[in-house]
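Survey of secondary and tertiary structure
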Amino acid sequence: MTTARTRPGEGIQALPSAAPPAGAELDDAAILGRRIRQLRKNAGLTLDRVADAAQISASLLSRIERGAAQPSLPTLRTISQALGIPIAALFEGEDRSTASEHDAAGRRLVVRHADRRRLKVPDSRIQYELMIPDLDGAVEVIWGSIPPGGGATRPSSHHGEEVIVALAGHVAVVVDDQEFLLAVGDTIRFDRSRPHRLFNPRPTVAEFVLVVTPPSR
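Everything numeric here is computed off the predicted structure, so don't read it as measured data.

As summarised here, the arrangement of the 6 strands in space is 3-4-5-11-6-9, forming an open sheet in which the pairing is antiparallel. With one partner strand each, in any of the chains shown, strand 3 (117-121) and strand 9 (187-191) form the two edges of the open sheet. Neighbouring strand axes in the sheet, compared pairwise and without regard to direction, differ in orientation by 20° on average. Sheet analysis places strand 4 (residues 126-130) next to strand 5 (residues 140-146), joined by 4 bridges and oriented antiparallel. Following the sheet pairing, Gln 127 is matched in strand 5 by Ser 145.

Below, the structure is given as structure tokens:
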């Protein structure tokens, strides 16, 4: 996957000490930060090395790991690339599958709703759930949810093609500078190399399915 270059301070929302966001958002940032720190330590990499590869400052990466700053999805992509892992590794959850979800050769084919791995991006408040066992195949399928007023504040671009299907509420998709509003059952397809972002402009929760090829690496 390719992504726009991230410079120090871009794609990050610091948590002010005087007026912190809601507790749930703080928890989301802390959980994600701990996950990133553990993956970095597992790889035997220093803060400086990962920050340099991700093109952000070491102090910024440290704040992310402590849950004191909220990374955007593009920033998470650059961090995962710097760690040498697919972005799916940032999704929380364990493989709790049983033999009934595997084929005769032992390959996992089925993902139960309760067993989806989840990623909550604090910056946008978008929650993603991986609907497939891994990203080793030709497509990536993700369920997403955006609360009222939530969504990405800046566009990103990557390699591949993307399809979004609106399941509930309304999903606004901005491709280049053009906005498309999807209602339930509506679909959009576009080249992911075009700058794009999602947000929810309505007072009800928006849900969607995201299909990407090739999968995010």
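Text resumes after the structure shown.
Before going further, it helps to spend a moment on the nonpolar core. With 47 residues, the main nonpolar core has Ile 164, Val 173 and Phe 208 as its most contacted residues. If we skip the residues at most four places from it in the chain, Val 173 touches Ile 164, Gln 178, Glu 179, Phe 180, Leu 182, Ile 188, Phe 190, Arg 197 and Leu 198.

What follows is about the pattern of salt bridges. Taken as a whole and judged by the stated rule, the model has 10 salt bridges. A salt bridge links Asp 28 to Lys 120, with the shortest nitrogen-to-oxygen separation between them at 3.0 Å. A residue pair is termed long-range when its members are at least 10 positions apart, and Asp 28 in helix 1 (residues 23-42) and Lys 120 in strand 3 qualify at 92 residues. When its relative accessible area of 17% is taken as the criterion, Asp 28 is described as buried.

Spatially, 3 strands are ordered 8-7-10 in an open sheet, and the strand pairing comes out antiparallel. Both outer strands of the open sheet, strand 8 (178-182) and strand 10 (196-199), are each paired with one neighbouring strand and no more. Within the sheet, the average angular offset between the axes of one strand and its neighbour, ignoring direction, is 20°. Sheet topology note: the strand 7 (residues 171-175)/strand 8 ladder contains 5 bridges and is antiparallel. Paired with Val 174 across the two strands is Glu 179, which belongs to strand 8.

Rules used in this analysis
Within any chain, residue numbers begin from 1 and follow the written order of that chain's sequence. Local features in a predicted model are, by the rule used here, given only for residues with pLDDT of at least 70; side-chain atom pairs are given and counted only at 80 or more, and totals for whole chains, interfaces and linings are based on all residues. Side-chain numbers come from the whole structure's heavy atoms, not from hydrogens or water. Note on pairing: two strands pair once DSSP finds at least 2 bridges between them. A helix here means a DSSP run of H or I that spans at least four residues, while a strand means a run of E at least two residues long, and both kinds are numbered starting from the N terminus. Note on definitions: angles span 0 to 180 degrees between N-to-C directions of axes, and those axes are lines fitted to C-alpha atoms, for helices only across the stretch in contact. Put simply, buried Ala, Val, Leu, Ile, Met, Phe, Trp, Tyr and Cys residues joined by side-chain atoms within 4.5 Å make one nonpolar core. A 1.4 Å probe rolled over the protein chains alone gives each residue an accessible area, and that area as a share of the maximum for its type sets the label: buried under 20%, exposed over 50%, partly exposed in between. Only heavy atoms enter the contact rule, under which two residues are in contact if any of them lie within 4.5 Å. By definition here, a salt bridge exists when the distance from a side-chain nitrogen of Lys or Arg to a carboxyl oxygen of Asp or Glu is within 4 Å.

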